[in-house]
Every structure is written in C-alpha cells, then in structure tokens.
Amino acid sequence: MTYTDYTTGAPVVDTKAPQGPVHERWDKRRFEAKLVNPANRRKHTVIVVGTGLAGGSAGATLAEQGYHVVQFCYQDSPRRAHSIAAQGGINAAKNYRNDGDSVHRLFYDTVKGGDFRARESNVHRLAQISVEIIDQCVAQGVPFAREYGGLLDTRSFGGVQVSRTFYARGQTGQQLLLGAYQALSRQIAAGNVEMHPRTEMLDLIVVDGRARGIVARDLITGRIDTYFADAVVLASGGYGNVFYLSTNAMNSNATAIWRAHRRGAWFANPCFTQIHPTCIPRTGDHQSKLTLMSESLRNDGRIWVPKAKGDDRPPHEIPEDERDYYLERIYPSFGNLVPRDIASRAAKNVCDEGRGVGPGGQGVYLDFADAIKRMGRGAVEAKYGNLFDMYQRITDEDPYQVPMRIYPAVHYTMGGLWVDYDLQTTIPGLFAIGEANFSDHGANRLGASALMQGLADGYFVLPATINDYLARNPLGDQVDAGHPVVQEVLAETEDRLHLLLSVDGDRTPDSFHREVGELMWEFCGMARTDSGLRKALERIPQIREEFWRRIKVPGTGEEFNQSLEKANRVVDYLELAELMCLDALHRAESCGGHFREESQTPDGEAARKDDEFAYAAAWEFNGTGEAPTLHKEDLVFEYVHPTQRSYA
Amino acid sequence: MKLTLRVWRQKNADAEGAMSTYEVDGISPDMSFLEMLDTLNEELILKGEDPVAFDHDCREGICGACSLVINGDAHGPERTTTCQLHMRSFSDGDTIDIEPWRASAFPVIKDLVVDRSAFDRIIQAGGYITAPTGAAPEAHATPVPKPDADFAFEHAECIGCGACVAACPNGAAMLFTSAKVNHLNVLPQGAPERETRVLDMVAQMDEEGFGGCTLTGECATACPKGIPLMSITSMNKEWLRATRRVGKR
Amino acid sequence: MARTVWDSTLGKKTVMAVSGLIMLLYLVAHMIGNLKIYFGAGEFNAYGHWLRTVGEPFMHYEWTLWLIRVVLVAAVVAHAVSAYQLSRRDIRARPSKYVHKRPRASYATRTMRWGGIILGLFIVWHVLDLTTGTVHSGGFQEGHPYQNVVDTFSTWYGNVIYIVAMLALGLHIRHGFWSAAQTLGAGSRTRDRALKIVANVLALLLTAGFIAVPVGVMTGVVS
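Everything quoted here is computed from the prediction, not taken from an experiment.

> Looking at this model, I keep getting lost on the packing of helix H2 (residues 9–34) of chain C against helix H8 (residues 156–183) of chain C. Mind explaining?
In helix packing, the relevant descriptors are the interaxial angle and the interaxial distance, both defined with respect to the helix axes. Residue and element names in this part refer to chain C. At their nearest, the axes of H2 and H8 sit 9 Å apart, and the two run at 130° to each other. Considering the angle they form, H2 stands oblique to H8. Considering the relative orientation of H2 and H8, their crossing is left-handed. Residues Lys13, Thr14, Ala17, Gly20, Leu21 and Leu24 of H2 lie in contact with H8, whose contacting residues are Ile173, Gly176, Phe177, Ala180 and Thr183. By residue class, the composition of the contact of H2 with H8 is 6 nonpolar, 4 polar and 1 charged.

> Would you take a moment to explain the interface of chain B and chain C for this structure?
Many authors give the size of an interface as the accessible area that is lost as the parts come together. Counting from both sides, the interface comprises 36 residues of chain B and, opposite them, 33 residues of chain C. Taken together, the elements giving at least two residues each to the side of chain B that touches chain C come down to strand E5 (95–100), helix H6 (194–207) and helix H8 (230–248) of chain B. By residue number, the principal contributor to the side of chain B that touches chain C is H8 of chain B, which donates 9 residues. By residue class, the composition of the side of chain B that touches chain C is 15 nonpolar, 15 polar and 6 charged.

> Could you clarify how one ought to interpret the interface of chain A and chain B in this entry?
Each side of the interface is counted separately: chain A has 62 residues, and chain B has 66 residues. At the level of elements, helix H3 (53–65), helix H5 (120–140), helix H6 (172–189), helix H12 (450–472) and helix H16 (562–586) of chain A are the ones that each hand at least two residues to the side of chain A that touches chain B. Here the side of chain A that touches chain B takes 9 residues from H6 of chain A, the largest share from any one element.

> Honestly, the pairing of strand E10 (residues 224–228) of chain A in this entry has me stumped. Any pointers?
Regular strands place their side chains on alternate faces of the sheet. Relative to E10 of chain A, strand E9 (residues 210–218) of chain A runs antiparallel, the two sharing 5 bridges. Considered in E10 of chain A, the bridge of Arg217 of chain A is made with Ile224 of chain A.

> So what exactly am I meant to see when it comes to the sheet that holds E10 of chain A here?
Pairing between the strands of a sheet is mediated by backbone hydrogen bonds and can be parallel or antiparallel. All names here are of chain A. As summarised here, the arrangement of the 3 strands in space is E8-E9-E10, forming an open sheet in which the pairing is antiparallel. Strands with a single pairing partner mark the edges of an open sheet, and in this sheet they are strand E8 (199–207) and E10. Taking each pair of neighbouring strands and ignoring which way they run, the sheet shows an average axis angle of 30°.

> Would you explain H2 of chain C in this entry?
Spacing of three or four residues puts side chains on the same side of an α-helix, whose turn is 3.6 residues. Along its 26 residues, H2 of chain C runs 36 Å from first to last C-alpha, staying within 8% of the 38 Å computed at 1.5 Å per residue. Those residues of H2 of chain C that fall on the buried side of the exposure criterion are Thr9, Leu10, Gly11, Lys12, Lys13, Thr14, Val15, Met16, Ala17, Ser19, Gly20 and Met23 of chain C. Contacts made by the buried residues of H2 of chain C are with H6 and H8 of chain B together with helix H1 (2–7), helix H4 (63–93) and H8 of chain C.

> Would you explain the nonpolar core in this entry?
Soluble, globular proteins show a tendency: their nonpolar side chains are buried together. Grouped together as the largest cluster of nonpolar side chains are 283 residues, with contacts concentrated most on Val233, Leu234, Leu417 and Cys581 of chain A together with Cys164 and Val165 of chain B. Ranked by residue count, the leading element in this core is H16 of chain A, at 14 residues. For Cys164 of chain B, the contacting residues outside a window of four places in its chain are Ala173, Leu175, Phe176, Cys219, Ala222 and Cys223 of chain B. If you look at the next biggest cluster of nonpolar residues, it comprises 27 residues, including Tyr146, Val149, Ala199 and Phe210 of chain C.

> Would you mind showing me how to read H6 of chain A here?
Residue and element names in this part refer to chain A. The first and last C-alpha atoms of H6 sit 26 Å apart over 18 residues, in line with the 26 Å expected at 1.5 Å per residue. Most of H6 is tucked away, with 17 of its 18 residues classed as buried. Positive phi shows up at Gly191, right after H6, with a value of about 80°.

> Sorry, what's going on with the packing of H3 of chain A against H12 of chain A here?
All names here are of chain A. For the pair H3 and H12, interaxial distance at closest approach is 8 Å and the crossing angle is 20°. One way to sum up the angle between H3 and H12 is to call them roughly parallel. In the packing of H3 onto H12, the handedness of the crossing is right-handed. Contact residues: H3 offers Leu53, Ala54, Gly55, Gly56, Ser57, Ala58, Thr61, Leu62 and Gln65, while H12 offers Leu451, Gly454, Leu455, Asp457, Gly458, Tyr459, Leu462 and Pro463. Residue classes in the contact of H3 with H12 are distributed as 9 nonpolar, 7 polar and 1 charged.

Reading guide: rules and limits
For every chain, the first residue of the written sequence is number 1, and numbering continues from 1 along that sequence. To label them, take the chains in the order written and letter them from A, then take the ligands in the order written and number them from 1. This being a predicted model, a pLDDT of at least 70 is required before a residue's local features are given, and a value of 80 or more before pairs of side-chain atoms are given or counted; all residues contribute to the totals for chains, interfaces and linings. Axis definition: a line fitted to C-alpha atoms, limited for helices to the stretch in contact. Angles are taken between N-to-C directions and run from 0 to 180 degrees. Strands are runs of DSSP state E lasting at least 2 residues, helices are runs of H or I lasting at least 4, and numbering of each runs from the N terminus. The scheme is simple: roughly parallel for angles under 35 degrees, roughly antiparallel for over 145, roughly perpendicular for 65 to 115, oblique for anything else. Crossings are assigned a handedness: left-handed for a near helix turned anticlockwise from the far helix by less than a right angle, right-handed for a clockwise turn. Our contact criterion uses C-beta atoms placed from the backbone: two residues qualify when those atoms are within 7 Å. Only Asp, Glu, Lys and Arg are considered charged, only Ala, Val, Leu, Ile, Met, Phe, Trp, Tyr, Cys and Pro nonpolar, and every remaining residue, Gly among them, polar. Two strands are counted as paired when DSSP detects at least two bridges linking them. Expected helix span is computed as 1.5 Å times (number of residues minus one). Any residue whose C-beta has 12 or fewer other C-beta atoms within 10 Å is treated as exposed, any with 20 or more as buried, and any in between as partly exposed, C-beta atoms being built from the backbone. In this usage, the nonpolar core is the set of buried Ala, Val, Leu, Ile, Met, Phe, Trp, Tyr and Cys residues whose C-beta atoms join them within 7 Å.

In structure tokens form, the structure reads like this:
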C-alpha cells in the first residue's frame, strides 16, 4: 500500500462545541466547563512549549490563575519568539471609528476571508474576544499608536472596509510579544513559572492515552530530560519553514507538533499555507530567509512587469506602453489591492511566462513613481519611509529612484494540529494554541488576524477551557521517569540523535532542508496540480532515504551543537512535507491559499467545491511513509453563507 | 569576494578561547553577514570540522538574537543588527575579526554565543506592569498624551540584543535597563509601580555584575534601534525620585 | 536608605556628581580669588588674610576656612572613594578586552580616570606647597601668599606640574560637569546643547583663569 492510498476513517466531531445562537456559545461553554478549586491549582502542573504570543500569554495567565507552569523555548530568552517579527497590526471589533464595525462584522469578514473553511463557533469567539485583547494589552503598557487626543489610533488593513487594526508603528508583533513576555517575567519572578530557555521539545509523553509530559533537550549541555505535567500545551508556532525559504525565523520548526502528531494528535489541513505577495526577492543560492514588507505598500505602489518575455532593460528604459500592470488589467475594480493569495498567484504566473524581473526572473516591480508624482516624495516618505529604508538596506537599491522588486514568500500556515472548541487535540490533555493549531483562519488568514488569534487563545480561551480537563482528571496520579512508556520515549529520542550523529555522510542538514524546501515550493507552493503533487510525493521518500544515508552532523550530542538541532528538525520536515502534499492532492478544489490548477473558473479564478470539500481534513498518523487515515470534520455554515469570491 | 576571517573559537564556557583564521571565497556582496558565516559553516561541516556557533533567529533585525562584534564594533560597521549587515559593507580581500559580546555578566557559552539571561532577570525584577489577564479596564478609559505614547514607544523598541553592554567599556547595562524603565514609567498604566520598578531593576542590574555608567555614549552609538543616550538620564532622574519617595515612606 | 544608595552604582554616581559640583563651586571662587594676584602683593595678601577672618565676629578666626576645608576634604574623599569603587566594578564587569582594538569615545571621557588620579596627586602637592609650605621651593613665608606663589612659579617644575594639572582639570570638568548633570537627571534633549556649552565654557574659564597665574609670573607681569 503506497502513501497516497490513504483510508477515510470515522468523521471527527467536535464534542465540545456548544450549540445555540452563535453569540451565546462562548458564554455557554465557559459556564458548562468545570472549574478547578483555586486551592488545588497549585498542585497541577501545566507544560507550555513556546513563548510567542500564544505561549507567552498562556503561561502568564495560567500562572496568574495559580497553576504551576513549566515553560520551554528554544531561544535564549522567551522575548525572542518569532511573533516579534509581525509588522502590521492586530484586529479588534472596537468600532472606535464608528464606521460600522461590530463583532459580527469581524466574524463575517474572517469566515469569508478564510474561504469558508473555518468553524463559525470558533471564529465568532475570536471576534468577541478581540475587544478584550486590546484592553488587556493597553493595561500592560503596550505602546499602541495614539492620536493627539490621547486615544488609540486604528487603520484599515488588507483591503478591509473598516478601520479596526490597532498598531504600534511597524512593530506591532514586537510590542504585543513584549507585553506577554513581561507578564510572563512577572510570573517567573514570583516562582509560578519555571522557565527553561534554550531547551527544545523533542517528543511527547503519552501515558494511558493522556499527554503527561515531554522529552526536551537542553541546547547548551545537550542533556536530554523528561518533564511531567497534568496537561501539555503546544504553542510552538507554524511550519512554514518546511519550504526552507520563508519569512519565519531560522529556527522556527515543526518538531513539537510533528512529534505530537506521531504520538496520536491528528493534523488538520496541512496544505493550507499562506503565501505573502510583498516580500523582497531572493538574491541568490546563499539566501537563508526571506523578508516581508508590509502589504500596505500595495495601497500606493503599482505592480508591473515588461510585456515582452526576457526584456532585461532597466525599468526606466521600458516605455509605458511596453509595461503590463497586470493586476490592474486583470482585476480592474480591485487592481493592486486584490487579496494576498490572488496577488501572489498572479506574480507567479507572469514570472512563469518568463516576464519576471531581477536575478533569476523571480520578481515583479512595485513602482512608486506615480505615487511620488501624485503625492510628492515627502508624503511617500512619511507613509513608507521605514519600509523603503529596510528595502534599501537589504537590496542596496533606492526605491525612490528604482521600482522595488517583490516576490511572494511563504508566510503563515493555517493548518496545524486539529483541536476541538476547547483547543484540545485528539490526545486528551494535549492542547495546541496559536499558529500551532489548525486555527480559526480556514484556508486563508486575513491581515492582522494572527496576532489576534494567538493572544485570544493564550490570554482567554485556553485558560478557561483547560480547567475543564484538569478538573475532570484526578489529582495525584503521578508519572515519573521510571515509567516504562517514559523510558521508551526517552530511548527513542536518544537513538534518533545518536543515529544522526553516527551516519557521518557527505551532506549537510541545510542541503537536505534546501532540497525538500525547493521541491515543496515548486509543487506544493502557490499553484498545485495533481501530477506535480504526485511527483513530489514520489521524491520525498527518496530524499528521506538519502538523508539517513548521507547526513553529516559534526560534534557530539553532549554539547551545544547547532548542526544536530538543525538535522533533527529536518527529519521532521521530511515527514511533514509528505503529509502536506497528500493533503493538497486529496483536496481537489481551490480554496484560499490552496490553489489547484484543475479547479478554477473559466477566467482563471479559484473554484471552491463546497459539496465535496466543506470539511476540515484531520489526518491520523500511521507510521513514517505509511498511508495516514483521513477524518473529516464537516463544516456547517448557519450565519455566513458560502459564496464564491470575485474580485474582477 | 574573498575574505579572511579571524573568529573567536571557544569549545564551551570553561574552555580557553582563541582566534582562528579561515579563508572564505565566492562571497556575494548581497549576502548578509550571517549568510557569509553560513557559507563558512557548510564548508566546515563537510571538512569534518566543528562549525562556528553563533546566535541568530529572525534575520530581519527584530528578535535581537544575533550578537557579533565585528572589527571591534557591536553588530559591525553599520548601525543595524548583525543579520541586517550585508557584505557590501566590506571589500574584497578584507580581514574581518569576529568576536562574541564581552562582559562578565554575559559569559560565553560557545564560540560566539553568550548567555544573556541577566537581561531576563532585570525584566523579572520589575520590567512589567502588574495587570493580570481579565482585570483590564476599557482601553479608552485612560487617554495617554501622544508625546508620552511616542516616548514610551521609542524606548519599547529595544530588542534586548545586548549591543549596549558589548560596546560599553564598563560592560554596563544602563541603556537596556533605562529603555524598559522609561517605556513603562511614562505611561499612566505604569504609574503605581513607578518607584519600585526603577529601584528593583537597577538593584538587579548591579546584582548581575554589570559595570557602572561613565556616560561614554558607546552604548547609544552601537544600539541598532537608536535608543538615545538621554534615556539613561531619564532613568537616573526616575531613580533619584524613587529614592527620595521611598525614603519618605 | 543611605546604605541602599551607597550600595547602588547609581547612588555612588550621585555621590560623585554632588561632590564634584561642590568642588567645582569652590574652584570657581578659588580661581576668581587667584586673579587678584594681578593687582599686586598688597591686595592679594589682604585677600589671603580676609579668608581667615570671613564670618567674624560670628565665627572665630579661621573657623569659616576650616569649615570649607572640612567640606572639601569630605568631597574629595567621597569623590575618590566612589570613583575607585566604581572603577574596580567596571573593570570586573569587562575582564577580557576585544582582540580587535579601535579608538573609543571622546578624549575627555577616556581620560577621566587618569585625569582624576593626576588631580588627586596635584592636590596633595598643591597643599604641601602653598598651604603648609612643606615642599615649597625657597623659604615659605606664612601670611605672604603673594611671594610664595611667585616662588613656586619661578621654578620650571612648579610651572609644569601646575599647568599639566590645570589642563587635566579642564578635561575633567568638561566631561564631569555634563556627566554630573546626567547623573542627577538634569539633562534632557532640549537642554543637552546648553549643558555641553556650559561644561566647555566652565572648563575653559577655569583652566585659563588658573593658568593665568603662572603665566603672569613667567612673563614678569607678576613678580
């Protein structure tokens, strides 16, 4: 039986999902959830993996509630989690502008923006909580942008018609993360959180069907240890680094969620990847990561390529009538402001036609010449100065003189571990929050919604729902390092690292990462086809086999060894990539960030197939290279009725 | 480009370190400094040698992980983070010295990697506003004058990289500590803990073994986020104010 | 309270700033008094005598002078002890130097420590020379400061020691005054230029004013 011959198992049902009117569901669930006696909370230990917006806020809040939190991050400080790099802003239905915004409108926009592949209940809860997040962050001292009256400023973001995005210059993620980090720091100082920086989770310990701890490696000494708890929370972020080049941090990885998946947590919608249209193109093979520039640039910049193939004249020598402003041509009413997925795909298409610009023809122009003419250089500088500076620093080109070059890059993964309404995975006691879960964004995430979801999960949802699980499980049944299951998991981890060190081949971990990443970008990137995905699915096991034959990891496991860390992460990418391709192959429709060339309208737009695919695909692991089992969770839309998106 | 690199190599915290010399060839001016080191490391791994360890993560100038002293300058010749420094700032044939942050409060872990957990402990000592989740009032209940909000933001921009300590001839952490004190102390939300915050954070800063400030200004020159030297003055003022007030209580 | 201030690096810096400002204030008065030497032995010696009778009849003979001396000694000791302790701490905080050397910070900043030591030694010499007369060249005459000053600056080494020390003083004040303002939280972005100008002017005036005395002797204007 080959990998693609997956079987379809029993449908998955979200048993925690409350019924009734959508706006009452969160209250209802909170009321029905059992509570833990405050005096008993100290006796419960909760492990939190990751210290980004979701993990940092969850760790701090659980500790405030009285739980004993043991928290991990691979970075040298919890303050460095990659949430810090988010630029744009955070959405909240505050309606401070009196422009017609409401919880319901944010709910509606998010379900629609996700191309009808998210749960209504979850999204509505997210919209409700959004307003509390802003209050919480302001109380913590997050320096949001303010107006002269001293009140908070908001802006419209990502083509949305209301101004609901709160921001702190171009560093909203940084400021929100530091807020969570500071709250966490307070709990660390109070002794309520035991923080383990530079410690990476390598496996999950499941005893009697419940998540009871993790195996983690101290990255300084190399010591592998076991940690036990009554519940485990994964807040380890997304898996965009499968693609090698992405806007993720270099060390962001999928190991925590992938190891949990191998231990029984189902993985939902792995193929839903968001590709952001305005990134700085790669300059050569040495490229290690890609840098995003805020999509607000598309408000004033015009995107074009030469009309002729292989036209390598410098941009200013290409006359106006030999330029193709393709977004304005194809989408006359939305023009350069079409949603992220459409803008990305259009850029790919013109580059595939051989009309791309810059090194390797992998780029399109984003031209501000007209904006400078219209508004004056000063106004452009005031609006985009910091982005122009960043661009100039990286490319050494002056965007005031020469059009910027941009190209899409992997930015966010909507897929992740399947969770119920309580954010619990299919392993009891294992929770996944933030980008690590399959989330509330459906098949496409709207701008400024990632920060909102991470903080909603960490500050408000998980701390309310985890009580129910802890209250229903008896205190005092302890697991210790001597338990045979623990011994087995520990031995497996040690063996894996030992094997990586002992192959002593002739290829570096990076070379394999790059190879699988390029394969994924080509066949499971912006546009996917049946034949391409099958090609990738044939190739991935070969790369995996070659990996275990030719990998070279210098040094030992008992020291600070960044090559070993990397190699171990690549092991998991090589398995996850396969599942992503299978999920993309099985979903023979186009929706959101997932574009199947076979499923498009006559004018080339994404065609959803609601009768066949209105479900979340949760995959059950059956062994490396073994066909997984698909469990479908049907999505029901009572409030927002599916329509085909149209931007022409 | 062809370059000669002299890199600080140190097996672990207890080992003696020394500069080792490496040649790298085929370096593109478009590479970032860290990508140049990636190139070196790929070669070292294939040769069976231990690659150079260095901290890095976001590679877009915001996480604060990267931390190299390049030719004697924290983060190198440009005013930015190491990850945003590009090889076009160097010339073919250059010899480049690469060293770790040096301060006794930042002990070397391996090669160019240092332990900056002292910074975390300074924040833990008081670099927060006590606002438990759920207890927050409506965000618009307390307006913050725009100049104060901007002042707070300017200081909140600190990425905690430690370049200020690395550049300071006294290994002082004044700029880092003052950035957080000023960010929180200017806001009305931070007012109730205004005195204890600055006193506790400064006490922790001393406790960690950072040096004192002689106002050389090296920190502000090295800071990739442009935290101004005047930030230290503001903290001194806060500290004196707090000392007077707490003394009266 | 006092204990916590003294234990803190910021507290010690405050002690340095306050003691430095006290000494600075004294130096301004001292420099103005010195310039009287240009008006002849009579006026200068009378000024010397007046210093001992200030405050009479409320104060006894020399009481005010001794009060000033006690305050000054306290300031010098506090300044020096803080500087010593802070310097030791600074050196401990940065035990290993960078292999790649490059010039750092301004000249005045870097010379604060050496300048301080030079000034400390100078003060000892200066007191032994012109107050107690212990190391005075030629016969020291109690109550005849004019002649004593002329004697001192009639030797080459007297001039060298004095002028070198006064240049060190200028550099020390240039950074020290601005630095003290920062330590006491008196600096601000709008005030910074003004503070730097005041520091430079003070440094220049004091150095010039003090050096004017040996120059006067050397050129024969004062003899």
